[in-house]
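What follows is each chain in one-letter form.
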Amino acid sequence: MSTKDLVPSPVGPVDVEQAEAALVERYPRLVRIAYLVLPPSLGRNRRVLTAHALVQRSLPRRRVPGPAVPEPRLAEDAVDPGYAYVRGEVLRQALIAGLPLRRLALPRRAQFPPLLPHVWGLRLFPRVGGADELALDQRLSRLSGPGRAAYVLRGLERQGDPEVLRVLAAAGVADPASALAEADALDTAEAASAAGSGHPAAPAGSTPGTTRVGEQGGPWRTGGAAPENEDRAERVGEQGGPGRGGGRSGAGAGAVGRGEQADTGVTDRADGPGGRTAPRGPAPAVRPGRLGGVALLESDEFDPCALQARPTDLMRRRQHVRAAVVAVAALLVCGALLGLPGDGWGRNGAAAPSYARNPAAEAALDPGALKRVPAAAWPGSTRRDFSVWPTRGGLSGDRALLRRALAVWARPGAAVLSSATPGTPAGPPMGPPQLLFAGVVDGARVVLLHDGLRAVRYAEPLEGTAGAALDLARTDGADPIGSAALVVSRAAGNVRYLTAPWVEVTAVRDLLAPAKDARPLVRDADGVTDPVPSPAQAKGCTRWNTLQVRDGSGLRLLADLGELAPARLLWGPPAAPADATGPEAREAWARTACQLTAVRAHGVRSVNAWRFARQTLPEGAGRGTWLCTRAETWRGTGSRVLAQFLVPSPTVPAALAARSEGSPACGVRDPRVLAGVLWQGPSGGWYVLAAGSPDFTALETSGGVKGRSDGPVLAVKAAAGARADLDGTLRDGRRVSALR
């Protein structure tokens, strides 16, 4: 609960001005109450500062509600409503400050050291008292917080037991009766100590009775006149007014100062003539010069307003000052380094902090140094590749966007979705790259760059830089067909291409429907195509859309394999492949297109399908066809080879017979291949079918199935599930094993 939370006043409504007047007028008394209730384990310096802080935080922010007619109280318990409210807040906060901090409990404000008031370089504590004050402080330290509060309310505030119980309950004490019992136990211990010391009886003129520290006589408790010098016996907070007594109490109501005797004329109140009551019994005598508990509570030992000052630990303070100076200097140096030009997330978007400062590297990341090719440059150039692509896009002049793209390319942060094809270096450019495109595509800002080795695509959302993406693909040695198009956007399963300026017509052709004509594909003024459903992200294989482009020399077929640069599709022998645009090529690719998933996202530059053999099938089942599909990569290594067998039925997809990675088979260096499959004839019988390229003169199987044939094809009857080893002999006599 905040110290400003308002609880109904138990004595009536309280205005802020009334509470402030009571706090200012009775400030020393309130601070003394807080100091006495706080646990001595805090230390005297912190108790002093905390006591002042608790009192100063007890002022309400607005009017405190309360009953219009307060509950009836004894005259000695009546106090000013403003003072009663502030005193209750002080007690409540002091009790909270004494609670230990729990690991799982939410800490309260009063449990922490106060921010104000605060003293630097000094330790403050009240004046040192005598042995009696020390003994009382030790006895109070053994009490609980509610017990100390009960003792202070009875001894210092002169409240009766019913009022003490009410005040404690209002302050949040769970068991006020137990707190009052602790105070009674301390009273009993003090009385027993005084009686056992053998001191003489109280001076004459004092009324017999049982002295209980903290309980003093009031106007209706005992008779006798109060001494003139006992002004401290006035009831705290009680104001003169109609129906109230004077500022003094009756005999026995005065608190005895140092060197005075304690009045023992306290009796229990009972109605009787003259308002007097019968005494409880004989009171133990108090030694002259020995102070009672009430007088000790009023002593300077417990006055946090009359303070002494001493310095703190000077050596430790000097060490702390040195450490603080070093820490501040380190922070200033770090702040200066982080604030240098060119760093930070503001200019570079999602890029990570820079790790080096090199003039060449800084120039490569300067958007003003980007290479920009004019649109009229490519027709007169002897080259047809990415180096003559003109700079296009509506955001090609956005320096902030280009700076972010270059910074993320050089230092992609942890939040950037980065990808690179196999074998593609992921470092920054060695010099200023070429700007190919910068514009808004499918709700994102897209930048395409090229540094002679790699094509780079940077994309970020229109709002902010969260979710930025960076894709890199190796494109060195690109020819006019390899540089005919780049992927500019992928969204919702669709793909858009940015085509080269020499591409005249674009269309979409479905490889799985070879008889259908290509569908025209519209491009905008920058050469960006309309969206096309991409097979690279499709889960099934119901269609395989390819990009068909026409340049000055013919038709080309490009397939999206999940990379920036689409792969060129070819048909024919390894030494002289052609673009797969003819009817025969389309018929073959229609049955093998679904096998392209085996080379997806592998850095593929081109895929060539070669029919290396035809074979007459047993049982008159027709003629089968053997194809070898080879995927060449941009890096030159890691090529993948697939051997496939096609049955006579044109609607049945090709069966994968063998696959290999890194093999030279079906390539220019080794234009030969040997593969076999286990095939079931129309009668249900099983056969081992094998075929090799025209260079093979004989084939032979061993292991589970034995057989031999002269020529590049073989058919041997076998059992279901049989396994066999296949070898072939070339024209020069060398033996070659099957593709694996």
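In case you missed it, the structure is sitting above this.
This one's a predicted model, so the numbers in the text were calculated from it and none came from an experiment. (Residues numbered from 1 in each chain as written. Predicted model: local features only at pLDDT ≥ 70, side-chain atom pairs only at ≥ 80, totals over all residues. Heavy atoms only, no water.)

Asker: Explain the packing of aromatic side chains here, please?
Answerer: Any two aromatic rings considered together are summarised by their centre-to-centre distance and by the angle between their planes. Summed over the entire model, instances satisfying the criterion amount to 6 aromatic pairs. Look at Trp-626 and Phe-645: their rings are 4.8 Å apart centre to centre, the planes differ by 50 degrees, and that puts the pair in the tilted class. Highlighted residues: Trp-626 in strand 18 (residues 623–633) and Phe-645 in strand 19 (residues 640–646), separated in sequence by 19 residues. Judged on exposure class, the residue Trp-626 and its partner Phe-645 are both buried. Taken together, Trp-610, Phe-612, Trp-626 and Phe-645 form an aromatic cluster joined through their ring pairs. (Phe/Tyr/Trp six-rings, centres within 6.5 Å; stacked < 30°, edge-to-face > 60°. Helix = DSSP H or I, 4+ residues; strand = E, 2+ residues; numbered from the N terminus. Buried < 20%, exposed > 50% of the residue type's maximum accessible area, 1.4 Å probe, protein only.)

Asker: What should I look at first to understand helix 1 (residues 16–25) in this one?
Answerer: The periodicity of an α-helix, 3.6 residues per turn, causes residues three or four places apart in sequence to face the same way. Within helix 1 the residues assigned to the buried category are Ala-19, Ala-22 and Leu-23. For helix 1, the arc enclosing every buried residue in end-on projection is 100 degrees, short of the 170-degree limit, so these residues lie on one face. In helix 1, the exposed residues that point more than 90 degrees away from the buried face are Glu-17, Val-24 and Glu-25. Looking at the buried residues of helix 1, the elements they touch are helix 2 (27–37), helix 3 (44–56) and helix 4 (81–97). (Arc of directions from axis to C-beta. Contact = heavy atoms within 4.5 Å.)

Asker: Sorry, what's going on with the sheet that holds strand 27 (residues 735–737) here?
Answerer: Whether parallel or antiparallel, the strands of a sheet pair through hydrogen bonds between backbone atoms. Strand order in the open sheet made by the 4 strands is 24-23-26-27, with antiparallel pairing throughout. Every other strand in the sheet has two partners, leaving strand 24 (707–710) and strand 27 as the edge strands with one partner each. Averaged over all adjacent pairs, the angle separating strand axes in this sheet is 20 degrees, with direction ignored. Bridging between strand 26 (residues 724–730) and strand 27 involves 3 bridges; their strand directions are antiparallel. Among the inter-strand pairings, Asp-727 is bridged to a residue of strand 27, identified as Ser-737. (Pairing = 2+ DSSP bridges. Axes fitted to C-alpha atoms, helices over the stretch in contact; angles between N-to-C directions.)

Asker: How do you make sense of the pattern of salt bridges when you look at a structure like this?
Answerer: If the charged atoms of two oppositely charged side chains come close together, the side chains can form a pair. Under the criterion given, the structure shown has 33 salt bridges. In this structure, Asp-184 engages Arg-154 in a salt bridge whose closest nitrogen and oxygen atoms are separated by 2.7 Å. With a gap of 30 residues between them, Asp-184 in helix 8 (residues 176–196) and Arg-154 in helix 6 (residues 145–155) connect regions that are remote in the sequence. For Asp-184, a relative accessible area of 26% translates into the label partly exposed. Exposure remark for Arg-154: the relative accessible area of 1% places this residue in the buried category. Arg-556 is paired through a salt bridge with Asp-551; the nearest N and O atoms lie 3.5 Å apart. Using a relative accessible area of 10% as the deciding quantity, one classes Asp-551 as buried. By sharing partners, the salt bridges in this structure join Arg-29, Arg-87, Glu-157, Arg-158 and Glu-298 into a single network. (Salt bridge = Lys/Arg side-chain N within 4 Å of Asp/Glu carboxyl O.)

Asker: Looking at this structure, I do not really get the state of the cysteines. What am I missing?
Answerer: In a disulfide, the sulfur atoms of two cysteines are covalently bonded to one another. For the coordinates displayed, the defined rule picks out 2 disulfides. Across the disulfide, Cys-541 is cross-linked to Cys-594 (sulfur-sulfur distance 1.8 Å). Its torsion about the S-S bond being -90 degrees, the disulfide of Cys-541 and Cys-594 is classed as left-handed. Placement of Cys-541 in the loop between strand 12 (532–533) and strand 13 (545–551) and of Cys-594 in the loop between helix 14 (583–592) and strand 17 (604–616) is noted, with a sequence separation of 53 residues between them. Put simply, Cys-628 and Cys-666 are joined by a disulfide, and their sulfur atoms are 1.7 Å apart. As the torsion about the S-S bond is roughly 115 degrees, the Cys-628-Cys-666 disulfide counts as right-handed. Here Cys-628 is found in strand 18, whereas its partner Cys-666 is found in the loop between strand 20 (655–661) and strand 21 (674–680), with 38 residues between them in sequence. (Disulfide = S-S within 2.5 Å.)

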